[in-house]
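# Analysis of the macromolecular model
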Amino acid sequence: MDYHIKDISLADQGKDRIEWASLEMPVLRFIGERFSQQKPLKGVRIAACLHVTTETANLAIALKRGGADVFLCASNPLSTQDDVAAALVKFYEIPVFALKGEDRDTYYSHIWECLLRVPHIVMDDGADLTSTLHMIAFKDYEKMPEPVRRGIAEIDEKTLVDNVVGGTEETTTGVIRLRSLEREGRLKYPIIAVNDAYTKHLFDNRYGTGQSTIDGILRATNRLLAGSYFVVCGYGWCGKGVARRAAGMGAKVIVCEVDPIKALEAVMDGYLVMPIAEAAKIGDFFVTVTGDISVLRKEHFELMKDGAILANSGHFDVEIDVKGLKEMAISVRRVRDFVDEYRLKSGKRIFLLGEGRLINLVAAEGHPAAVMDMSFANQALSVEYLWKNRGRLENKVYSVPEELDKEVALLKLKSMGIKIDELTQEQKRYLSSWEMGT
Ligand code: NAI
């Protein structure tokens with residue numbers, strides 16, 4: 001079996017951690033058990049570009065139990081857990097191409113390794129795999145990452161693209177990229193936007209990113225949040241979670257937004273709301289979770305206090321203008337794991353965490369398994385749905401079918417031992433009619 005990982009001797013530790021995560025993933029386990037009996041994915045080749053974590057390992061194992069051949073590469077150069085990669089190779093015979101800290105060329109050479117296996121289904125987190133496939137389809141050699149350009153001579157591009165029956169996308173940023181392809185009428189296969197499922201973004205983005213972002217900041221800095229000014233840029237699903245956790249730990253939370261409705265929501269949720277140019281002068285911690293570019297930039301770094309700490313939890317490392325910060329700095333040095341000190345001409349120090357990449361995966365372990373249970377149950381069911389309906393779907397971005405979303409919620413409740421009410425016949429009639437008033 002081909003693979004490219006850091007160190008196979010880490011496999012035992014990785015296996016223990018995969019099993020530990022599995023304890024908190026009852027829904028995925030349940031789906032995995034059904035898959036292993038029914039084998040709905042027999043012979044299906046799946047290329048997965050996801051953060052290589054314990055939770056992703058459990059997803060890959062469930063898909064394999066369903067009969068699929070799964071190949072895994074990382075969806076971020078810094079998020080790979082090398083022990084998990086080793087365990088997947090050694091104990092589960094799943095080829096992994098991922099190393100924590102890989103450079104851009106290696107990152108894309110790993111994506112290429114997964115594509116070389118001519119997948120039927122692609123699973124993505126941030127759309128790097130899908131966009132690479134589309135560059136191949138469009139013969140867009142200029143934009144193509146170098147390792148892919150070098151590799152395409154080895155394969156028949158048309159067969160590669162035509163073989164894909166569909167894909168899934170895990171995160172907000174990826175869905176935005178794919179919707180843009182769809183709008184241009186250039187999407188080559190149907191995509192299921194897993195992020196849009198209620199049982200994904202309501203829990204994963206809010207509670208998962210909320211808790212794990214704080215976890216990453218604390219592991220990297222060991223700073224006290226209580227009493228600090230904690231600036232959250234972006235009050236979407238992730239931002240709400242981060243703000244709530246920071247406030248819960250005693251920080252004075254400031255929200256910066258561009259959407260008036262979200263800003264108003266933040267005001268009524270009890271936070272200070274102001275433009276980033278104001279917040280920059282006050283904040284002790286800054287976290288970006290917008291999915292947008294250059295949210296914190298030179299003009300803001302100028303205004304910040306000595307010792308300000310910057311972190312990003314949005315998908316790509318574009319939210320903090322790291323290049324701009326470097327240009328302003330007279331020196332840069334690593335002062336702790338995942339903490340770089342940028343000293344500016346004025347003598348002021350700004351600390352950047354995790355090189356501006358998603359801090360929850362770089363300095364901590366990503367989302368807790370209990371929320372990834374639902375996100376990845378949606379992934380597993382969406383893959384099954386795509387395969388079952390191959391040839392019948394249009395080249396569009398679809399939401400997760402409502403019945404699958406509800407199934408995930410019901411299974412999760414069941415695993416927690418929580419029962420809920422059912423509508424009576426009278427209530428069903430009432431709720432579906434217009435005639436009855438007072
Ligand atoms: P969302 O769309 O719900 O929220 C983003 C918010 O940022 C919106 O309210 C938008 O108005 C605001 N915004 C955009 N540009 C801004 C700017 N310049 N200044 C201030 N606010 C701005 O998106 P969601 O789901 O909260 O995701 C945010 C990012 O986090 C995405 O990149 C997503 O892919 C990523 N993500 C990261 C996770 C992680 O593990 N770290 C997990 C889930 C999502």
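Read on for an overview of the structure. Model, not experiment: these values are computed from the prediction.

## Overview of the overall build of the protein
Each helix and strand counted, the protein has 19 helices and 15 strands in total. Here the C-alpha radius of gyration of the protein, 22 Å, is about what a compact globule of 438 residues would show, namely 22 Å. When the backbone C-alpha atoms are referred to their principal axes, the protein occupies close to 70 × 65 × 45 Å. Within the span of the protein, comprising 438 residues, buried residues form 54% of the whole. In the protein, the share of contacts with a sequence separation of at least 24, taken over all contacts with a separation of at least 6, comes to 73%. Looking at the protein as shown, the accessible area adds up to about 19,900 Å², and 51% of this sits on carbon and sulfur atoms. Of the side-chain charges in the protein, 57 are positive and 63 negative, and the distance between the mean point of each set is 1 Å.

## Quick look at the side chain of K412
Secondary-structure assignment places K412 in helix 18 (residues 402-415). Of the residues examined, K412 reaches a relative accessible area of 10% and is grouped as buried. A polar side-chain atom of K412 sits 2.9 Å from the main-chain carbonyl oxygen of A370. Apart from residues no more than four positions distant in its own chain, K412 is found in contact with E24, P26, V27, A370, D373 and M374.

## Topic: a nonpolar patch on the surface
Taken together, L264, V267, M268 and V273 make up a surface patch of nonpolar side chains, about 380 Å² in accessible area. A total of 3 residues in the nonpolar patch trace back to one element, the largest contributor, which is helix 12 (residues 260-268). Along the chain, V273 falls in strand 9 (residues 272-273).

## Remarks on the sheet that holds strand 13 (residues 339-344)
In spatial order, the strands read 9-8-7-10-11-14-13-12; together these 8 strands make up an open sheet with mixed pairing. Edge positions in the sheet fall to strand 9 and strand 12 (329-336), since each has one partner strand and no second. Bridge analysis of strand 12 against strand 13 gives 6 bridges, and the strand direction is antiparallel. Residue R334 lies in a different strand from strand 13, and its bridge partner there is D340.

## A look at the site of the ligand
Looking at the ligand, there are 26 residues lining it, with T171, T172, T173, E257 and S313 nearest. Within the contact set of the ligand, an oxygen atom lies 2.6 Å away from a side-chain nitrogen or oxygen of T171. Take K262: an N or O atom from its side chain is 3.1 Å from an oxygen atom of the ligand. Here the ligand has 860 Å² of accessible area as a free molecule, and 86% of this is covered by the chains. Among the elements of the structure, helix 9 (172-183), helix 10 (198-221) and helix 11 (237-248) are those that each provide at least two residues to the shell around the ligand. Formed jointly, the shell around the ligand draws a minimum of three residues from each of two domains, domain 1 (8-200 + 367-415) and domain 2 (209-362).

## With respect to the sheet that holds strand 4 (residues 121-124)
Two strands in a sheet stick together by hydrogen bonds in their backbones, pointing the same way (parallel) or opposite ways (antiparallel). In space, the 7 strands of this open sheet follow the order 3-2-1-4-5-6-15, with parallel pairing throughout. Strand pairing shows two members of the sheet lacking a second neighbour, strand 3 (96-97) and strand 15 (397-399), which therefore form its edges. Pairing between strand 5 (residues 166-169) and strand 6 (residues 191-193): 3 bridges, direction parallel. Paired with G167 across the two strands is I191, which belongs to strand 6. Taken strand by strand, helix 3 (residues 54-65) contacts strand 1 (45-49), strand 2 (69-73) and strand 4, and its axis lies near 160° from that of strand 2.

## Observations regarding the nonpolar core
Membership of the largest hydrophobic core comes to 55 residues, with the highest contact counts inside it found for L41, I46, L63, L88 and V96. Top element by residues in this core is helix 17 (residues 369-388). It accounts for 10 residues. Other than its neighbours up to four places away in sequence, L63 contacts F35, L41, I46, A68, V70, M123, A380 and V383. Core analysis: the second largest hydrophobic core is formed by 32 residues, C49, C114, M135 and I191 among them.

## Overview of helix 4 (residues 82-92)
With 9 of 11 residues buried, helix 4 is to be regarded as a mostly interior element. Residues of helix 4 that are buried include every one of D82, D83, V84, A85, A86, A87, L88, V89 and Y92, and no others. Contacts from the buried residues of helix 4 go to helix 1 (11-22), helix 3, strand 2 and strand 3. Count one or two residues on from helix 4 and you reach E93, which has phi positive near 50°.

## Quick notes on unusual backbone geometry
Backbone geometry places A127, a non-glycine residue, at a positive phi of 75°. By relative accessible area, which is 1% here, A127 ends up buried. Even without a glycine there, the phi angle at E355 is positive, about 55°. In this structure, E355 sits in the loop between strand 14 (349-353) and helix 16 (359-362).

## Notes on helix 10
Helix length check: helix 10 (24 residues) gives 33 Å between terminal C-alpha atoms against 34 Å at 1.5 Å per residue, within 8%. Along its length, helix 10 reaches its greatest deviation from straightness, about 35°, at D204. Note on helix 10: the residue one or two positions beyond its end, N222, has a positive phi of about 55°.

Definitions and cut-offs
Residues numbered from 1 in each chain as written. Predicted model: local features only at pLDDT ≥ 70, side-chain atom pairs only at ≥ 80, totals over all residues. Heavy atoms only, no water. Helix = DSSP H or I, 4+ residues; strand = E, 2+ residues; numbered from the N terminus. Rg over C-alpha atoms; globule rule 2.2 N^0.38 Å. Buried < 20%, exposed > 50% of the residue type's maximum accessible area, 1.4 Å probe, protein only. Contact = heavy atoms within 4.5 Å. Areas by Shrake-Rupley, 256 points an atom, 1.4 Å probe, with all protein chains shown as cover. Lys, Arg positive; Asp, Glu negative; His and termini not counted. Charge placed at Lys NZ, Arg CZ, Asp CG, Glu CD. Polar contact = N/O pair within 3.5 Å; in protein donor to acceptor, adjacent residues only side chain to side chain. Patch = residues over 30% accessible without salt bridge, like charges linked within 9 Å, V, L, I, M, F, W, Y side chains within 5 Å. Salt bridge = Lys/Arg side-chain N within 4 Å of Asp/Glu carboxyl O. Pairing = 2+ DSSP bridges. Near = heavy atom within 4 Å. Domains from an automatic or database assignment. Axes fitted to C-alpha atoms, helices over the stretch in contact; angles between N-to-C directions. Core = buried A, V, L, I, M, F, W, Y, C linked by side-chain atoms within 4.5 Å. Expected span 1.5 Å × (residues − 1). Bend = angle between axes of the 7 residues up to and from the residue.

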